[in-house]
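Structural overview
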Amino acid sequence: MNGDMDDFIEGSARRYILSLSSRYDELLPPSQDLALVLGRLEYLQRAHPSARDIMLGIGLCRLAIGEPRASEPLEYLSLHATSPIARFFLLLTRLRFGAHDRTFGELRAFLREVAVVYEHVAFVVFSILSGAHRCGGWCAMQPDGRIVIGLEDGTDNDDIRWRHDDTEYQAELRLVGGFGGFSVYEITNFELPSHLPAIHVLHNGRDMLGSALESRTIWRCEGFVEGSSEGLTGWFRHPNNLASVDHVWVRAADGDTLLFDGVLGDVATDFLVAEKERTAFLIPWGDLAGVETPCVRVMDRFQQEFYGSPLDPLAGARYARAQAQWVARTFPTAYSKVTSPEFNQPFPALYTPQFAQQGLPAVCREARRNRVAVIIPVYKGYEVTKECIELALQWRGPDERLVVINDFSPDPRIVDFLETVAGQEGITVLCNARNRGFTYSANRGLREVGGDEDAILLNSDTIPPPGWIGKLRDAIYRAPDIGTATPLSNAATIFSYPRNDGNNPIPSYDEVVELSSMLEEIGNAEIVEVPTGHGFCMYIRAECLHQTGVLREDVFAQGYGEENDFSRRAASLGWRHVVCLGTYVGHAEGQSFSAFKGDLIRRNLGLLNGLHPGYDRLVNEWQKRDPLHRFRRELDVRRLSQAVAGRHTVALMTHDREGGVHRFVQERALAIVEDGRIPLIISPCPADAPDGYPRWEVVPYLADDYPNIILSRRGPDLRELLLSLNCEKMEIHSYIGAGIKDIHWVSLFGLAYDVYLHDYSWFCPQITLVSHNNLYCGEPEASACETCVMDRGRATSDDTALSLLRELSTDILRRARAVIASCEDVATRYRRHIDVAIVLEQWEAPVTTQDIIFRPRHPTDIRRVLLIGAIGIEKGYDILLRLARYVASTGLPLRFSIVGFTCDDSRLLETGVVDITGRYAENELTSLIQMQHCDWGFLPAVWPETWSYVLTEFWRHKFPVVTFDIGAPAERIRMAGGGLVIPLHLPVASLANILLNPAHFIQS
């Protein structure tokens, strides 16, 4: 790269870091060394792993300092976000490091899909990369819709043409300038058509690099609108066109009258952003038609409609006025002359009347079953749509048909597929002339339903199994007043399984069939009522549909909430809604408008609560009762019993916290699996109601998810489950979170068990033997322990008296098949308090330490000391802080790198001698350690640790370690070498002196 390009990159990086520093206080000023700034950015990314602005900063910094790994965050942003800047600087990264093997496809896609940014730099980049791939010319679209082309110097420019909609035009050119060996021209007689077709640009009859320009992608509009008391409010942007001028049009939905046309928001001047900012807008009622504003459509100047549109923004005001008139008529004065509204007030959701069966139409009480029409609106998601329709056709019965509505899909594959199936028996395909949204399309299908025909609303991203319609029909016809039935699914809010929050992976077709078959085997005919159906797959009885009417497309536009409104309207007419427990329909949720899901849900829930007061409370109370929990648990246990299939299980009783115990239990579970048995990890969880009893959560260590095996800690449920699952033995790893009394109860189940000693909680409620001064307490007499508990409380969250705690602990440990400790240090401390035989067993395989030694350093060299993990008070934070401040004040050549985090990063960072990476994933640890370029490690823990996974990591990475003379780490170093053990209560100056040259103290 030339100097101008390097200056552009560095200037961009510094300018961007300056903007970031206004949002993140931890950032250094960009005037400093960018390598230092990069370290802070990487630290910030670990604290904010999903922050795309930080990712872009990392990419720019790495590129500016010449680090090839600049491509990593830029590639991520290019794939997972709409980020023209990331894509542009990725091209610069490829260019800088000569990675031309990937640039052809990336450049072609960029030219086709993104409006030009930083044109004078961009023209050079386009030209150099085009030349590298022996392309004699390229084309691109400017932010205002003009087309520019680049031709290699000396190339004839007479035959430049463009084509769209099968019509070709001769180009008239104006020279812009020379860039990178190419001459760049603007096509002066081109005007972008409003319907945004693909634009082919040809030189001598051949498409140039970048042709066909995807103007619909370059000008793709993301927008959202809702009504407010002040006017129409929302946001919009053209994410692939950073410098576009943002027009908003408002048209009357009926008659298409233009009510508003304006440029809203400031024209962007700084394009250096991870993603284009949303332009917020407010169009006051006075700029429309005031109180007479009708139902409107809101769009950009290319008539691309915003989500939330169409909407009737003043419907609520008109509704409130009619309500007030109704009340005035019901409670008049002596001289009232009010106009009666055309409708009565609705029943609030909390007070829906329960109508008697005789109040229903006679036809509802008949046993006759109707034919079925399956309504499938289609927009995006080719693969899932194709699978859904093919499966629905495959499992269609003789009295069942499909009505598919193509909502002006932009995907030609979907259009072609629908044309292919349109001629098949049992399917009707309807096409919208423009994109109208889910609710309109669903209504178009529902209006095709016959008078004696039930309907199923089915999303195009669902996976229906064999027999699904029959099972839904069975659920509907269990009672004459059941109006809708919704099946279980992986992603269907209150109907979700296995997790009831819908946070489940998308199942394969085989998994859907397996679950559906299991539900059929269970054969649960129970009627479970719900406050609302779910439109992903909702069976609607014909009489319910025709009495209630179709969905409200004037309120709910593209979707979310329309089926809830329908359900509450139907409930007001006496219809019930139920769960179908006989089938399972998969759901690949959010294919069509996931980017707007949050806004639509928020807006439409507000509208829903306005239309049906108390709706949120109704649903929340149902969720608190969770009538489906018992059924989900039964299904989990049945699936688990099949997975166990006669093998032995092992119960691992553990706590509800992170840390070393959690890691050890996971490793024990893996070892048990390798031994041919199935581990059941059992931990405490809170009560499911304020007046309930705490529970156990049982999580099998298997690939599948069983999140509903939640059992009361009172009574025989856990014991019965363990016996039914062929439990061979238990391992008790902790009582923390459950309490010593509940673990004592478990120990009386009659199952053999071992106890593992991971800490000192069995006799010390502080867990770590640390006293009021945050140092090792010295294990005093019981009376001193009582005082400590009174002063400091219990870190175990168990209020059992100390004497009873030790009594129950002793009973549990003495009846155990084996009590296991990691080393003699732990065993010795336990024997002081509990007279029990203890078996020694290392938590991990030994690490060879013969060649792990402290190597001498020149006195003036800066020593870098490594710390790993989460450094809290017991792990030596206070000592580390005093040490860092001392080093900073004295200027000692000592620096500290923490791969992990602390209980207070900011105070350590302020010293200027500590670097902190932040939280890390397990697979990042090795690379992060290597990046620190440290000399030796430091374990500053001030409590007698019972093991230390961190010490093992130091040794695995060939770092000798300095640690205090307390606990398992000191014992391990004495036995194996690989470090230096020092007194616990050293002055900070002596500690710094040792860390400067540990080898000297080993020799002495």
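The preceding data block contains the structure.
The following paragraphs examine the structure supplied in this document. (Residues numbered from 1 in each chain as written. Predicted model: local features only at pLDDT ≥ 70, side-chain atom pairs only at ≥ 80, totals over all residues. Heavy atoms only, no water.)

**Considerations on the overall build of the protein chain**
A count of helical and extended segments in the protein chain gives 33 helices and 38 strands. Structurally, the protein chain occupies a C-alpha span of about 95 × 90 × 65 Å along its principal axes. Burial status across the protein chain gives 54% buried among its 1004 residues. Here the contacts in the protein chain between residues at least 6 apart in sequence split such that 69% fall between residues at least 24 apart. For the protein chain, the exposed surface amounts to about 42800 Å²; the carbon and sulfur share of it is 50%. The protein chain carries 99 positive and 131 negative side-chain charges, and their two centres are separated by 3 Å. (Helix = DSSP H or I, 4+ residues; strand = E, 2+ residues; numbered from the N terminus. Buried < 20%, exposed > 50% of the residue type's maximum accessible area, 1.4 Å probe, protein only. Contact = heavy atoms within 4.5 Å. Areas by Shrake-Rupley, 256 points an atom, 1.4 Å probe, with all protein chains shown as cover. Lys, Arg positive; Asp, Glu negative; His and termini not counted. Charge placed at Lys NZ, Arg CZ, Asp CG, Glu CD.)

**Examining the nonpolar core**
Within the largest apolar cluster, 62 residues are counted, with the highest numbers of intra-cluster contacts made by Leu41, Phe88, Phe89, Leu92, Tyr118, Phe126 and Trp138. Not counting the four nearest positions on each side in its chain, Phe126 is found in contact with Leu107, Phe110, Leu111, Val116, Trp138 and Ala140. Ranked by size, the runner-up nonpolar core spans 55 residues in total, among them Ile414, Leu458, Ala492 and Val585. (Core = buried A, V, L, I, M, F, W, Y, C linked by side-chain atoms within 4.5 Å.)

**Structural notes on the packing of helix α4 (residues 71-80) against helix α5 (residues 84-96)**
Orientation of α4 relative to α5, taken along the N-to-C sense of each, is 145°, at an axis distance of 9 Å. In this structure, α4 crosses over α5, and the sense of that crossing is left-handed. Touching Ser71, Leu74, Glu75, Leu77 and Ser78 of α4 are Ala86, Arg87, Phe89, Leu90, Thr93 and Arg94, all from α5. Of the residues assigned to the contact of α4 with α5, the class counts are 5 nonpolar, 3 polar and 3 charged. (Axes fitted to C-alpha atoms, helices over the stretch in contact; angles between N-to-C directions. Left-handed = near helix turned anticlockwise from the far one by under 90°. Nonpolar A, V, L, I, M, F, W, Y, C, P; charged D, E, K, R; others polar.)

**Notes on the pairing of strand β2 (residues 147-152)**
The element β2 is largely enclosed, with a buried count of 5 among its 6 residues. Pairing of strand β1 (residues 137-141) with β2 involves 5 bridges; the strand directions are antiparallel. Across the sheet, residue Gly137 finds its bridge partner in β2, namely Leu151. Counting the residues between successive antiparallel strands, the hairpin from β1 to β2 contains 5 residues, one of them, Gly145, with a positive phi of roughly 95°. One ladder, built from 5 bridges, connects β2 with strand β6 (residues 182-187); its direction is antiparallel. Paired with Glu152 across the two strands is Phe182, which belongs to β6. (Pairing = 2+ DSSP bridges.)

**Comments concerning the packing of helix α3 (residues 52-64) against α5**
Viewed as axis vectors pointing N to C, α3 and α5 meet at an angle of 20°, and their least axial separation amounts to 11 Å. Of the possible angle classes, the one that applies to α3 and α5 is roughly parallel. In this structure, α3 crosses over α5, and the sense of that crossing is left-handed. For the pair formed by α3 and α5, the contact residues are Leu56, Leu60, Leu63 and Ala64 on the first element and Ile85, Ala86, Phe89, Leu92, Thr93 and Arg96 on the second. A class-by-class count of the residues in the contact of α3 with α5 yields 8 nonpolar, 1 polar and 1 charged. (Parallel < 35°, antiparallel > 145°, perpendicular 65-115°, else oblique.)

**A short note on the side chain of Gln304**
Take Gln304: it is sitting in the loop between β15 (296-299) and α9 (315-330). Classification of Gln304 by relative accessible area gives buried; the value is 13%. Within the local environment of Gln304, its side chain forms a polar contact with the backbone oxygen of Trp219, the two atoms lying 2.9 Å apart. The residues contacting Gln304, other than those within four sequence positions of it, are Leu196, Arg216, Trp219, Arg220, Cys221, Val298 and Met299. (Polar contact = N/O pair within 3.5 Å; in protein donor to acceptor, adjacent residues only side chain to side chain.)

**Structural notes on the packing of aromatic side chains**
One pass over the full model with this rule turns up 27 aromatic pairs. The rings of Phe8, Phe88, Phe89, Phe110, Tyr118, Phe123, Phe126, Trp138, Phe179 and Phe271 are connected pair by pair, giving a single aromatic cluster. In this structure, Arg301 packs its charged tip against the face of Trp219, placed 5.0 Å from the ring centre. For Arg714, the ring lying beneath its charged end belongs to Tyr693, and the centroid distance is 4.0 Å. (Phe/Tyr/Trp six-rings, centres within 6.5 Å; stacked < 30°, edge-to-face > 60°. Lys NZ or Arg CZ within 6 Å of the ring centre and 35° of its normal.)

**Concerning unusual backbone geometry**
With omega at 5°, the peptide bond leading from Ser309 into Pro310 counts as cis. Counting through the fold element by element, Pro310 comes out in the loop between β15 and α9. Residue Pro498 follows Tyr497 across a cis peptide bond; omega there is 5°. Looking at the secondary structure, you find Pro498 in the loop between β21 (482-488) and α14 (509-522).

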